[in-house]
Amino acid sequence: MFTLLNDISLLAAFALFGFCAVVIGIVGTRLTRVVDSLANRTGLGEAIAGAVLLGMATSLSGIVVSVSSAWTDKPELAMSNALGGIAVQTLFLTIADMVYRRANLEHAAASLGNLIQGALLLCLLSLLLVGRFAPEWTFWQIHPITPLLFIAYLFGLRLIKNAHTRPMWSPTRTRETREDQPDEPSGKITLKRLWLFFLGLALAIGFTGWLLERSATIIAAETGLSQAAVGVLLTSVVTSLPELVTTIAAVRRGALTLAVAGIIGGNAFDTLFAAASDVAYRGGSIYHVIPNHVMLWVALTVLMTGVLMLGLLHRQEQGPGRIGFESMAIIGLYLTGIIILFN
């Protein structure tokens, strides 16, 4: 099957790419309902379920693209897919903000868990920058910053869990704030079946990501687009479709904390794409072989995340176009990154 996928035409590669986008969109919609039910039935809460279950599951297609690209000696595609995914997923929150018309989404979904996830994401992105400018040391072809990324991520998840069980800070409640209130279990489906559904949908997203990497490689080779352009504009957008679909679905279900947590938690998990890619890449430190215009997206995502956290803290109830100032700024920053990429 691997050989057959390498031999397909450009038209067939675009068709496969489109098919994967549709599959990811359908699976992502169902995944939201399953994770929301698991959050209620297990007592995890929307912030933790969004960060761990929804964030990881919707990111599986992206991590498959990055790891398989690094393994086949395409480090630029691996990193641009990871970093472009974080940027476009942050952009997706602005779309969710437009969908939620009652108030600014960041105002209504304020929670301690989401703020801690945002801070964790800033730390992980900063570690990527440290890895780039640190000496090019490796152990078994792995840079020391890679295990630090995994350790920092796990420590951050522990902080989020502690904040859920023993909160030491809480946002002011307003008439537009939507608290995480568990729904009454319907009893129509067992918890075991819910977990099986979750695993099945997650695996489907992961396999779709592998198909995406194959089609993206052919598109890059046949069209002459750089690996960075393919990663930022094609694979990262399509592999991030589950985040867009699940976020919109969560907003429409009224699970606003889950919607924001799914994006920020998914972004934090996406930084591990770089760590996993460093493990898969056999040419030394992956942080030192990618060009500066790809690393620029680390700085842009740091800035976009900082603006998002300002929005969560400031909690503007209404802004221009009935969306928050942070949404306007994030749109501008993403478009700026695209312009720089092609100059």
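Since we're looking at a predicted model, the values are computed, not measured.

Another point: unusual backbone geometry. Even without glycine at this site, W140 takes up a positive phi of about 55 degrees. By secondary structure assignment, the location of W140 is in the loop between α6 (112-133) and α7 (145-165). Note on W140: relative accessible area 77%, which makes it exposed. The residue Q141 is not glycine, and still its phi comes out positive at about 65 degrees. Counting through the fold element by element, Q141 comes out in the loop between α6 and α7. For Q141, a relative accessible area of 32% puts it in the partly exposed group.

Before going further, it helps to spend a moment on the packing of α6 against helix α11 (residues 256-280). Close contact between α6 and α11 brings their axes to 9 Å; oriented N to C, the two are set at 20 degrees. Here α6 is positioned roughly parallel relative to α11, judged by the angle of their axes. Remark: the crossing between α6 and α11 carries left-handed chirality. Residue-level contacts link N114, Q117, G118, L120, L121, L124, L125 and L128 of α6 to T257, V260, A261, I264, G265, N267, A268, T271 and A274 of α11. Here the contact of α6 with α11 is composed, by residue class, of 10 nonpolar, seven polar and no charged.

Glancing now at the side chain of Q117. Relative to the elements of secondary structure, Q117 occurs in helix α6. Using a relative accessible area of 1% as the deciding quantity, one classes Q117 as buried. Reaching out from Q117, the side chain makes a polar contact with the backbone nitrogen of G265 at a distance of 3.1 Å.

Taking 1.5 Å per residue as the helical rise, helix α13 (residues 325-341) with its 17 residues ought to reach 24 Å, and the 25 Å between its terminal C-alpha atoms agrees with that figure. Every buried residue of α13 is accounted for by E326, S327, I330, L333, Y334, G337, I338 and L341. Down the axis of α13, the buried side of the element spans an arc of 140 degrees, and every buried residue falls inside it.

What follows concerns the nonpolar core. Soluble globular proteins: nonpolar side chains tend toward being buried together. With 96 residues, the main nonpolar core has Y287 and W297 as its most contacted residues. Looking at which element gives the most residues to this core, the answer is α11, with 14 residues. Apart from residues no more than four positions distant in its own chain, W297 is found in contact with L83, A87, V232, Y334, G337, I338 and L341.

Turning to a nonpolar patch on the surface, a few remarks are in order. A grouping of L225, L233 and F342 is seen on the molecular surface, where their side chains present a nonpolar patch of about 250 Å² in accessible area. Considering the arrangement of structural elements, one finds F342 in the segment after α13.

Take the packing of aromatic side chains next. Scanning all chains against the criterion turns up four aromatic pairs. Plain terms: the ring middles of W297 and Y334 are 5.8 Å apart, the flat faces sit at 70 degrees to each other, and that makes the pair edge-to-face. A residue pair is termed long-range when its members are at least 10 positions apart, and W297 in helix α12 (residues 292-314) and Y334 in helix α13 qualify at 37 residues. Aromatic rings pair up to connect Y153, F269 and F273 into one cluster.

Structurally, the position occupied by I160 is in helix α7. In the structure, I160 is positioned 43 residues away from Q117 in sequence and 7.2 Å away in space, judged by C-alpha atoms.

Turning our eyes to something else, we now look at the side chain of T94. Tracing the backbone through its elements, the reader meets T94 in helix α4 (residues 75-99). Within the structure, the side chain of T94 is placed 2.5 Å from the backbone oxygen of L91, a separation counted as a polar contact.

The subject of this paragraph is the packing of α6 against α12. Remark: α6 packs on α12, axes separated minimally by 10 Å, with the N-to-C direction vectors making an angle of 160 degrees. Compared by their axis directions, α6 and α12 come out roughly antiparallel. Here the hand of the crossing between α6 and α12 comes out left-handed. For the pair α6 and α12, contact is made by N114, L115, G118, A119, L121, L122, L125, L128, L129 and R132 and by N292, M295, V298, T301, V302, T305, G306, M309, L312 and L313, respectively. Taken together, the residues that form the contact of α6 with α12 break down as 13 nonpolar, six polar and one charged.

Conventions we followed
Residues numbered from 1 in each chain as written. Predicted model: local features only at pLDDT ≥ 70, side-chain atom pairs only at ≥ 80, totals over all residues. Heavy atoms only, no water. Helix = DSSP H or I, 4+ residues; strand = E, 2+ residues; numbered from the N terminus. Buried < 20%, exposed > 50% of the residue type's maximum accessible area, 1.4 Å probe, protein only. Axes fitted to C-alpha atoms, helices over the stretch in contact; angles between N-to-C directions. Parallel < 35°, antiparallel > 145°, perpendicular 65-115°, else oblique. Left-handed = near helix turned anticlockwise from the far one by under 90°. Contact = heavy atoms within 4.5 Å. Nonpolar A, V, L, I, M, F, W, Y, C, P; charged D, E, K, R; others polar. Polar contact = N/O pair within 3.5 Å; in protein donor to acceptor, adjacent residues only side chain to side chain. Expected span 1.5 Å × (residues − 1). Arc of directions from axis to C-beta. Core = buried A, V, L, I, M, F, W, Y, C linked by side-chain atoms within 4.5 Å. Patch = residues over 30% accessible without salt bridge, like charges linked within 9 Å, V, L, I, M, F, W, Y side chains within 5 Å. Areas by Shrake-Rupley, 256 points an atom, 1.4 Å probe, with all protein chains shown as cover. Salt bridge = Lys/Arg side-chain N within 4 Å of Asp/Glu carboxyl O. Phe/Tyr/Trp six-rings, centres within 6.5 Å; stacked < 30°, edge-to-face > 60°.

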